[in-house]
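Coordinate analysis (summary)
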Amino acid sequence: MKYPHKVIEKKWQKKWEDEKAFVTKEVKGKKKFYCLDMFPYPSGEGLHMGHAFTFSLGDIFARFKRLQGFNVLYPIGYDSLGLPAENAAIKVGTHPLKYTENSIANFIKQQKAMGWSYDWARMLKTSDSEFYKWDQWIFLQMLKKGLAYRKKAPVNWCKKCKTVLANEQVVNGKCWRHENTRIEIKHLEQWYFRITDYADELLSGLDKLDWPERSKKLQRNWIGKSYGTEILFEVNNEKWPIFTTRPDTIYGVTFMVVSAQHSKLFNLVTEKQKSMVEKFLEKIKSVSEKEIQGLEKEGVFTGAYAINPLTKEQIPIYVGNFVLADYGSGMVMAVPAHDQRDYDFAKKYKLKIKEVVFGGNISRSAYIGEGRLINSGKFDGLQNQKAKEKITEYLKKQKLGRKVVQFKLRDWLISRQRYWGTPIPIVYCAKCGIVALTEKDLPIKLPEKVKFGKGNPLETAKMWVNVKCPKCRCKARRETDTMDTFVNSSWYYLRYTDPKNEKVLFDPRKVGYWCPVDQYIGGPEHVTGHLIYFRFYTKFLRDLGILKFDEPALRYFTQGIVHGKDGDKMSKSKGNVVEPFDMIKKYGADTLRLALVSFANPDKDTNWDEKIVESSYNFLNNVYEYFTKLKLGKTDAKIESKLHQTIQQVTQDVEQFKHNLAIIKIRQLFQNFYDKRIDKETAQEFLKMLSIYCPFITEELWSNFGNTGFISLSDWPKANVKKINIRFEKEDLAKDKIVNDILNIIKIVEARKEKKSKVYIYVIPNEKNLYDESEISIRIQKPVKVFAVSDKNKYDPTNKSKNTKPNRPSIYLE
RNA sequence: GCGGAGUUGCUGGAGUGGUCAAACAGGAUGGACUCAAAAUCCAUUAGCUUAGUGCUUACACAGGUUCGAAUCCUGUACUCCGCACCA
C-alpha cells in the first residue's frame, strides 16, 4: 500500500502557513534557541541535493529543540548578491535582479515543499538595499576606526574585457572568455579590511567554541601564527625589514629574493636589468596562487644589492616567482646552506652557498637540522637555537632588528570590480580626495540601468557615477568597486533578529535575546573563508559597543557531501545528478528527508543510493498503514520498556546529529508494534519522535487521533527510566537461542534424510512464559508444543526433558 | 612538504578493551502465502564440524601492550580532504 504523500504534504504545508505555525517572537522567560543554516546562494538551478541535505539537518534540529520547549529562532534568507547572477546577465542577457528574483521564487517553492520550518516572516535578501545599506554602514564604521583602508594590490587584468578577473576566471593564465588573451597583472588601489588586527583574538577565541576539532585546527592553521625576527637590511639607503624564523643563519645569507608581485619592485631594478626582469614577469601568468604553485623556482637578478646588517656584505637581490608579496615584507633572505628552496635556487643560478650551522653535508643538500654555528663571527660555537636568541638580542640593541610575530592571515581585500555587489559608500573628489559618504546618504543603491559585457558595468551608469562632492560640491566620481559578497554573510545572522528595522542595524534588545547562534550548520568548505569573516565582524561590532558577545556561533556542525551513485561529485557533465524535487514528486518530502539522514553519519561524505530511498519509503508506507488501521489497546510492558529505551537513546543521538542511529532505533521500535495493540500515548510518542524527520505524515496521523494542534508544536517525549526493563531483552535472547538451536538440529537431522515435523520443548516451570508457542512456531515453520518439565501429561517419548536446565530447555523432534 | 580524516563481512555502514562471527539496511539464496507475481512474513548468507557442540580463520598489513583487542600503542601501505614555495 502506498500512502498518499502528495495530498498530505500539500495539506500540511498550507496549514502551517495559514496558521503561521513557525513564526517566532521574543518571549520573556522562555529559553531561546537560535538554530541557523548557512543561507544559500539562490542559483537558477533550484535546490540541489546538498541543499536538501544540509537544510534538512537544520530543520530536524530546529524541530527537535522546538519540541523540547525552547523558543526557537530558525530563519532563512538568500545570499543573493554575487557573481553567478552577473554572469547570467552576461550570458543570457537577463538583468541580475530579475535572475535573482526568479531564482528566489523557485527556491521558496521548493523549500516549502521540503517541509522546512522556517520563520518566513524574517526572510532576508542581501540584494535588497534595505539589507546592504547596513553593509555600507558597517563599512563607514570600519573606516572611522581605521580598519578599512586602501592599498595597491596586484590583480588579474584582461585587456579585452577591460576588467579585473577573479582568480577562478583565469584559466591557464588566460581569460575565461577570451581564450587567446593572456592575463596581465596590474596594480590597482583596492579596499581592505584590517582583519589582521584581530588575528590573535581570532586564534584564542577558538578554544572556547564547541566546533568540530578539525575545523578549529583548520582555522588555526589558516591564521598561522609564527614567531620570528625582523631584520633590517639596507637597500639603496632604505631600510627593508626582512622576516625570518632563522636569525641564527644571518651570516649565511648569500642572496635575497623579492616577490615578483612586489609593488616596489621597479624601485630596485637597475636600468641594465630592466628588460630581463620584464621578460621574466611576463612568464608569470596570474596572481592566483594556485597558478603559481607547482612552478619551478625561477628568478633573475635585479641589479640591486642589500647590505647585511651584521656582515656588511653586499648581497645581490633577485626577483623570484616563489616569494609571496604580502607575507612578511615581500622579500626574503636566502640561506642556501640551510634551506632547501634557497639551496635549489642557488644551485640553479650558481650562487654562493655558505655553511653557518655545522652538522650537514652541504655539497649534497641543505642542512636544516641543529648544530653549532660556524663562520658566524662572534657567534661561532653557539648552539643554533641559543644563537637565535642571542642574535636577535644583539640586533635589537643595535636597532637593526626585533622579535616579531607573523600571521599567515592577510588583510581582507574587499574590492570587486563587479556590478552585483554592495556599492562602497565613497566618492573621489579632485580636490578633497577620498570622501566617505555619511550615514544619512545610505543606502547607496545600485543603479538598475547599466550595460553588461564590457568592464565593470557600474562605469556605464554615468548618471550614477558622476556626482558632486559632498564636501566642496565640485565634480566627483563614485567608487565603482563593490564589496566582496562575504561581507553580507558576516553579519546576516544579527539581522534575522530584527529584519525590518529601518533605523538601526538591529535592536540591541532583540539581539540580546536571540544571539549568539546556538547551533550553526554548514559545509566544511566555509571554515577558512566565511567563518573567519563572520567571527571578525562579531568582534568588530563588539568593539563598536553594539554587541555584548564576541563569538557568533557557539556550536557548529559540518555536514558531509552527498556524492552521486558512482562516488563522484554530482555534476551535470557526469550525468549523476539527482534532483531533490524529482524525489519529492516520486516518494514525497518525508521519504527524502528520512533517506538523507539514513545514508550514514551526517558528518561523513556519502554516496547517493536510491535503494535507501525506497527502503525509507517502504517504512513510511508501513507506518501509515499501521496507524490508519490501528485499533487502540493496552501497550504491553515489553513495548513500553522498548519505547522508553528508544526515547532515551534517540534523544541522545539527535543531540549529537547521529540521525542514522536514531532512525535505526525508531525503526526497531516500530517493529515491536507489528500485530500488537498499543495505546494512544505510545502511538503519539512514537509519532513525535518521527515528526522531526517526517513532519507531514506525522501531522496527518497525529490529527487522526483527534488532536487539533500541530505535532510540530507539541512536546518531545520524556524517557521514564523506571519503565525500562532489560528482562525483556533477555527474553528475546532466550527465544533467539531456542529458535537457533531447533533450526540447527533440523538441519543436521535433515542432512541424514530424516523427516521431522513436530517440535516439543521442555522448560523449567518458571520459564514457561518465556517461550511463546505460536511465535516460535512461526519462526521455525513447524508446530511447536512447550511443556513444563513438571507437567505430568507432557509428551516426551525419549525422556529428553531430564536434561532441562535453567536457560537451557530440552528439545525433542519427531 | 605541513595538517586532518579514514581503511570493518557481497554492498552501504554501526561498533572504541571482554557480553562480537560483529547492530541496522540493502543484495543474494531457500522457505511460507498465492493459480502466479508483487507486497508481506520466516530463515540462511566465513569455513569445517556436531541433536542444539566444538574448532579454525576474520574487522587494511606487520608487530606490541593485556588474562583478553575490530576497539589501545608502534610502524607500513593505500584512500580522501584541507593548506600549500609562509622564509
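Keep in mind the model is a prediction, meaning the values are calculated, not measured.

On to the overall build of chain A, then. Each helix and strand counted, chain A has 26 helices and 31 strands in total. For chain A, the C-alpha radius of gyration of 35 Å lies well beyond 28 Å, the compact-globule estimate for 814 residues. Projected onto its principal axes, the C-alpha positions of chain A cover 115 × 70 × 55 Å. Each of the 814 residues in chain A was classed as buried or not, and the buried ones make up 53%. Put simply, of all contacts in chain A between residues at least 6 apart along the chain, 74% involve residues at least 24 apart. Carbon together with sulfur atoms contributes 50% to the accessible area of chain A, which is approximately 38,600 Å² in total. Across chain A, 140 positive and 98 negative side-chain charges occur, with their mean positions spaced 2 Å apart.

Moving on: the packing of helix α5 (residues 129-144) against helix α17 (residues 530-543). The N-to-C vectors of α5 and α17 enclose an angle of 65°; their axes lie 11 Å apart at closest approach. On the basis of the axis angle, α5 is roughly perpendicular to α17. The element α5 and its partner α17 pack so that their crossing is left-handed. Contacts between α5 and α17 involve Ile138, Gln141 and Met142 from the first element and Phe536, Tyr537, Phe540 and Leu541 from the second. Across the contact of α5 with α17, the residue classes tally to six nonpolar, one polar and no charged.

With nine of 10 residues buried, helix α19 (residues 589-598) is to be regarded as a mostly interior element. Here α19 has its buried residues at Ala589, Asp590, Thr591, Leu592, Arg593, Leu594, Ala595, Leu596 and Val597.

Once that is clear, we can look at the protein's contact with RNA strand B. Taken together, the neighbourhood of RNA strand B is formed by 45 residues, with Thr245, Lys297, Arg341, Asp741 and Arg779 sitting nearest. Atoms of RNA strand B within 4 Å of the protein belong to the sugar or the phosphate in 55% of instances, the rest to bases. Taking Thr245, its main chain carries an N or O atom lying 2.6 Å from a sugar or linking oxygen of RNA strand B. One of the side-chain nitrogen or oxygen atoms of Arg410 is found 3.0 Å away from a base nitrogen of RNA strand B.

Across chain A, the average pLDDT comes to 87, with 96% of residues at or above 70. When pLDDT is averaged over each element of chain A, strand β2 (residues 71-73) comes out on top at 97 and helix α10 (residues 289-292) at the bottom at 47. Note on residues 288-293: pLDDT is under 50 here. Beyond four places in sequence and across chains, it has 13 contacts. The complex prediction reports pTM at 0.89, with the ipTM value standing at 0.89.

Our next topic: the pattern of salt bridges. Going through the model one piece at a time under the given rule, you end up with 43 salt bridges. In this structure, the salt-bridge partner of Asp210 is Arg555, at a minimum N-O distance of 3.4 Å. Placement of the pair is Asp210 in the loop between α6 (199-204) and α7 (213-223) and Arg555 in the loop between α17 and β26 (556-558), with a sequence separation of 345 residues. One salt bridge connects Asp339 with Arg341, and the closest N-O pair in it is separated by 3.1 Å. Among the charged side chains, a network of salt bridges with common partners joins Glu201, Lys208, Arg535, Lys539, Arg542, Asp543, Asp550 and Glu551.

Time to look at the nonpolar core. Membership of the largest hydrophobic core comes to 84 residues, with the highest contact counts inside it found for Met49, Leu596, Trp608, Phe627, Phe673, Phe686 and Tyr693. Looking at which element gives the most residues to this core, the answer is helix α2 (residues 49-67), with 10 residues. Residue contacts for Trp608: discarding those within four places in its chain leaves Met49, Val562, His563, Gly564, Lys565, Met570, Val578, Met583, Leu592, Leu596, Phe599 and Val613. In this structure, Ile195, Ile414, Trp464 and Phe540 belong to the second largest nonpolar core, which totals 82 residues.

A separate point is the environment of Lys388. Tracing the chain through its elements places Lys388 in helix α12 (residues 384-397). Each C-alpha atom of the pair Lys388 and Thr249 lies 8.3 Å from the other, and the pair is 139 residues apart in sequence. Each residue touching Lys388, except ones within four places of it in the same chain, is listed here: Thr245, Arg246, Pro247 and Asp248.

This part is about the sheet that holds strand β24 (residues 482-483). Taken together, three strands build an open sheet; the order of strands is β18-β24-β19 and the sheet is antiparallel. Two strands in the sheet have a free side with no partner beyond their single neighbour: β18 (415-416) and β19 (422-423). In this sheet, β24 lies alongside β19 in antiparallel orientation, the contact comprising two bridges. Bridge assignment links Pro423 to a residue of β24, and that residue is Thr482.

A grouping of Lys378, Lys386, Lys390 and Lys397 is seen on the molecular surface, where their side chains present a positively charged patch. Turning to its location among the elements, Lys378 is positioned in the loop between α11 (340-349) and α12. Lys378 gets classed as exposed once you look at its relative accessible area, which sits at 57%.

Tallied over the full model, the rule gives 63 aromatic pairs. Ring centres of Tyr762 and Phe787 lie 6.0 Å apart, and the angle between their planes is 15°; on these two criteria the pair is classed as stacked. One end of the pair, Tyr762, is in strand β29 (residues 759-763); the other, Phe787, is in strand β30 (residues 784-788), with 25 residues separating them in the sequence. Side by side, Tyr762 and Phe787 carry an identical accessibility label, which is buried. Grouped by ring-pair contacts, the aromatic residues Phe139, Trp191, Phe193, Tyr198, Trp412, Phe486, Tyr533, Phe536 and Tyr537 constitute a single cluster. Lying over the aromatic face of Trp120, Lys112 brings its terminal NZ or CZ to 5.0 Å of the ring centre.

For the rest of this paragraph, the subject is the packing of helix α1 (residues 5-18) against helix α24 (residues 695-704). Direction vectors running N to C along α1 and α24 enclose 85°, while the axes themselves pass 9 Å from each other. Classified by the angle their axes make, α1 and α24 are roughly perpendicular. For the pair α1 and α24, the contacting residues are Ile8, Glu9, Lys11, Trp12, Gln13 and Trp16 in the first and Pro695, Phe696, Ile697, Glu699, Glu700 and Ser703 in the second. By residue class, the composition of the contact of α1 with α24 is six nonpolar, two polar and four charged.

Let us look at the environment of Leu209. Considering the arrangement of structural elements, one finds Leu209 in the loop between α6 and α7. Separated by 346 residues in the primary sequence, Leu209 and Arg555 have C-alpha atoms spaced 6.6 Å apart. With near-sequence residues (within four places) excluded, Leu209 lies in contact with Lys216, Arg535, Glu551, Ala553 and Leu554.

Once that is clear, we can look at the side chain of Asn672. For Asn672, the position within the fold is in helix α22 (residues 659-673). In contact with Asn672, other than residues within four places in its own chain, are Lys638, Ile639 and Lys642.

This paragraph deals with the side chain of Asp248. Tracing the sequence through the fold places Asp248 in the loop between β11 (238-244) and β12 (255-259). One polar contact links Asp248 to Asn384, side chain to side chain, over a distance of 3.1 Å. With residues near it in sequence (within four places) discarded, Asp248 still touches Val357, Leu373, Asn384, Ala387, Lys388 and Ile391.

The next thing to look at is the sheet that holds strand β1 (residues 32-37). Here we have four strands laid out as an open sheet, ordered β2-β1-β25-β26, and parallel in their pairing. Of all strands in the sheet, those with a lone pairing partner are β2 and β26, marking the two edges. Between one strand axis and the next, the sheet turns through 20° on average, direction left out of account. Those strands touched by α2 are β1, β2, β25 (519-522) and β26, and its axis lies near 170° from that of β1.

Attention shifts here to the state of the cysteines. Inspection of the entire model under this criterion finds zero disulfides. Unpaired in this structure, Cys474 has its nearest cysteine sulfur neighbour in Cys472, at a distance of 3.4 Å. Judged by relative accessible area, Cys474 falls into the partly exposed class, the value being 22%. The structure places no disulfide on Cys694, whose sulfur is separated from the nearest cysteine sulfur, that of Cys35, by 18 Å.

The next thing to look at is unusual backbone geometry. Residues Leu442 and Pro443 are joined by a peptide bond in cis, for which omega reads -5°. You can see Pro443 is positioned in the loop between β21 (433-436) and α13 (462-465). For the bond from Cys515 to Pro516, the omega torsion is -5°, close enough to zero to count as cis. Secondary-structure assignment places Pro516 in the loop between α16 (508-514) and β25. Positive phi values are uncommon outside glycine, yet Asn375 reaches one of about 50°. Looking at the element boundaries, Asn375 is found in the loop between α11 and α12. The backbone of Phe657 shows a phi angle near 65°, a positive value even though the residue is not glycine. Tracing the backbone shows Phe657 in the loop between α21 (637-655) and α22. Judged by relative accessible area, Phe657 falls into the buried class, the value being 2%.

About the cut-offs
Residues numbered from 1 in each chain as written. Chains lettered and ligands numbered in written order. Predicted model: local features only at pLDDT ≥ 70, side-chain atom pairs only at ≥ 80, totals over all residues. Heavy atoms only, no water. Helix = DSSP H or I, 4+ residues; strand = E, 2+ residues; numbered from the N terminus. Rg over C-alpha atoms; globule rule 2.2 N^0.38 Å. Buried < 20%, exposed > 50% of the residue type's maximum accessible area, 1.4 Å probe, protein only. Contact = heavy atoms within 4.5 Å. Areas by Shrake-Rupley, 256 points an atom, 1.4 Å probe, with all protein chains shown as cover. Lys, Arg positive; Asp, Glu negative; His and termini not counted. Charge placed at Lys NZ, Arg CZ, Asp CG, Glu CD. Axes fitted to C-alpha atoms, helices over the stretch in contact; angles between N-to-C directions. Parallel < 35°, antiparallel > 145°, perpendicular 65-115°, else oblique. Left-handed = near helix turned anticlockwise from the far one by under 90°. Nonpolar A, V, L, I, M, F, W, Y, C, P; charged D, E, K, R; others polar. Near = heavy atom within 4 Å. Polar contact = N/O pair within 3.5 Å; in protein donor to acceptor, adjacent residues only side chain to side chain. pLDDT = per-residue confidence, 0-100. Salt bridge = Lys/Arg side-chain N within 4 Å of Asp/Glu carboxyl O. Core = buried A, V, L, I, M, F, W, Y, C linked by side-chain atoms within 4.5 Å. Pairing = 2+ DSSP bridges. Patch = residues over 30% accessible without salt bridge, like charges linked within 9 Å, V, L, I, M, F, W, Y side chains within 5 Å. Phe/Tyr/Trp six-rings, centres within 6.5 Å; stacked < 30°, edge-to-face > 60°. Lys NZ or Arg CZ within 6 Å of the ring centre and 35° of its normal. Disulfide = S-S within 2.5 Å.

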